[in-house]
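# Fold and contact review
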Amino acid sequence: MPDDLCPLCNGTQIDLYAVSEDIEYFTSADKYRFLRCDACDVLFVSPMLHDRLSNIYPANYYSFKPNTGGLVQQAKEVFDRRMFRAVLSQIPGQTLRVLDVGGGTGWLLNSVKMSDPRPMATQVVDIDPAAKDAAERAGHRYFLGPIEKFDSGEKFDLILMLNLIEHVRRPDEILSRARGLLSRDGLLLIKTPNFDALDALIFRHRSWGGYHTPRHFVLFNRDSFTRVAEAQGLEVVSFAYTQGAPFWTVSVLNELRLMGLVDISRERPSIYHPLVPLFQGLFAGFDFVRRPFAKLSQMFFALKANPS
């Protein structure tokens, strides 16, 4: 598919939305265009380097590294467990099967199991061979490969796709695949960026952190994601905006880099800068205050299969 056609509808009603570069890992000095499909109301990156994943995901990419156990990470784990308890309370059954797509070493599945005693079978699907041993040591089954090639006769009561759908070339096909893996009462939990947010507008033309250039392929807002999900036979059970402190932090650190005040480079990506915990705490608090009335830059969707 040509890079200037919408990956969802193959349409040509396309406008240039922004030009961005890799301000986090500096995998190249290239500039990338984010194009907006008028019909689908989504953003997509051009060129879309789906065949060069090893280039755009360097060895020091944050999800390839073990959790540090710092205060920010500990706080996140507390909130994750609270969120999983609330989600799992909606799913009936004495035992549950849980699938994490893009789950790496299974650290989120660990939180799931700590949140509720019922998840007995936990499955990771991921393309990172280095994560397999750690996931299996933690008691999770591991499939090495994309979700499209995951052939399972099982149905899952909870499927996690957290910060995943924006990284794939065809989000609609991934959602359709997930629907086919859901049990009758199962839930699909999606977390994905929202390009209709304050920080996204402020840094629109300044390589907004939510672009995660060039690793985010397709970006949504609330309405456009809902339409795509419904077209794949999924129904939105609940929705919430959530804090986008990581995007604020990357964006602000880049501004400080451009002013010569901080050192960020390929060898020292922004995620590892010592100011990150401070900025993430500050911006998480800022978004928490705005949450009751603002469209924040990350979205949570809980979806179920539409029986019709």
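If you're wondering where the values come from, they're calculated on a predicted model, not measured in any experiment.

## Brief notes about the overall build of the protein chain
Along the protein chain, the regular secondary structure elements total 9 helices and 11 strands. C-alpha atoms of the protein chain, sized along the principal axes, occupy 55 × 45 × 40 Å. Residue pairs at least 24 apart in sequence account for 73% of intrachain contacts in the protein chain once pairs closer than 6 positions are excluded. Surface summary for the protein chain: the accessible area is close to 14,400 Å², and the carbon and sulfur share equals 54%. With 35 positive and 35 negative side-chain charges, the protein chain shows a separation of 4 Å between the mean positions of the two kinds.

## Examining the packing of helix H8 (residues 245-258) against helix H9 (residues 276-290)
Here H8 crosses H9 at 125°, and the two axes come no closer than 8 Å. Taken together, the axes of H8 and H9 are oblique relative to one another. Two packed elements cross with a definite hand, and for H8 against H9 that hand is right-handed. Residues Ala245, Pro246, Trp248, Thr249, Val252, Leu253 and Leu256 of H8 touch H9, and the partners they reach there are Val276, Phe279, Gln280, Phe283, Ala284, Phe286, Asp287 and Arg290. Broken down by class, the residue content of the contact of H8 with H9 amounts to 11 nonpolar, 2 polar and 2 charged.

## Looking at the nonpolar core
In this structure, Met161 and Leu188 are the most contacted members of the largest nonpolar core, which totals 72 residues. Counting residues per element, this core draws most heavily on H8, which supplies 6 residues. Residue contacts for Met161: discarding those within four places in its chain leaves Val101, Ile174, Ala178, Leu188, Leu189, Ile190 and Lys191.

So, how was this worked out
Residues numbered from 1 in each chain as written. Predicted model: local features only at pLDDT ≥ 70, side-chain atom pairs only at ≥ 80, totals over all residues. Heavy atoms only, no water. Helix = DSSP H or I, 4+ residues; strand = E, 2+ residues; numbered from the N terminus. Contact = heavy atoms within 4.5 Å. Areas by Shrake-Rupley, 256 points an atom, 1.4 Å probe, with all protein chains shown as cover. Lys, Arg positive; Asp, Glu negative; His and termini not counted. Charge placed at Lys NZ, Arg CZ, Asp CG, Glu CD. Axes fitted to C-alpha atoms, helices over the stretch in contact; angles between N-to-C directions. Parallel < 35°, antiparallel > 145°, perpendicular 65-115°, else oblique. Left-handed = near helix turned anticlockwise from the far one by under 90°. Nonpolar A, V, L, I, M, F, W, Y, C, P; charged D, E, K, R; others polar. Core = buried A, V, L, I, M, F, W, Y, C linked by side-chain atoms within 4.5 Å. Buried < 20%, exposed > 50% of the residue type's maximum accessible area, 1.4 Å probe, protein only.

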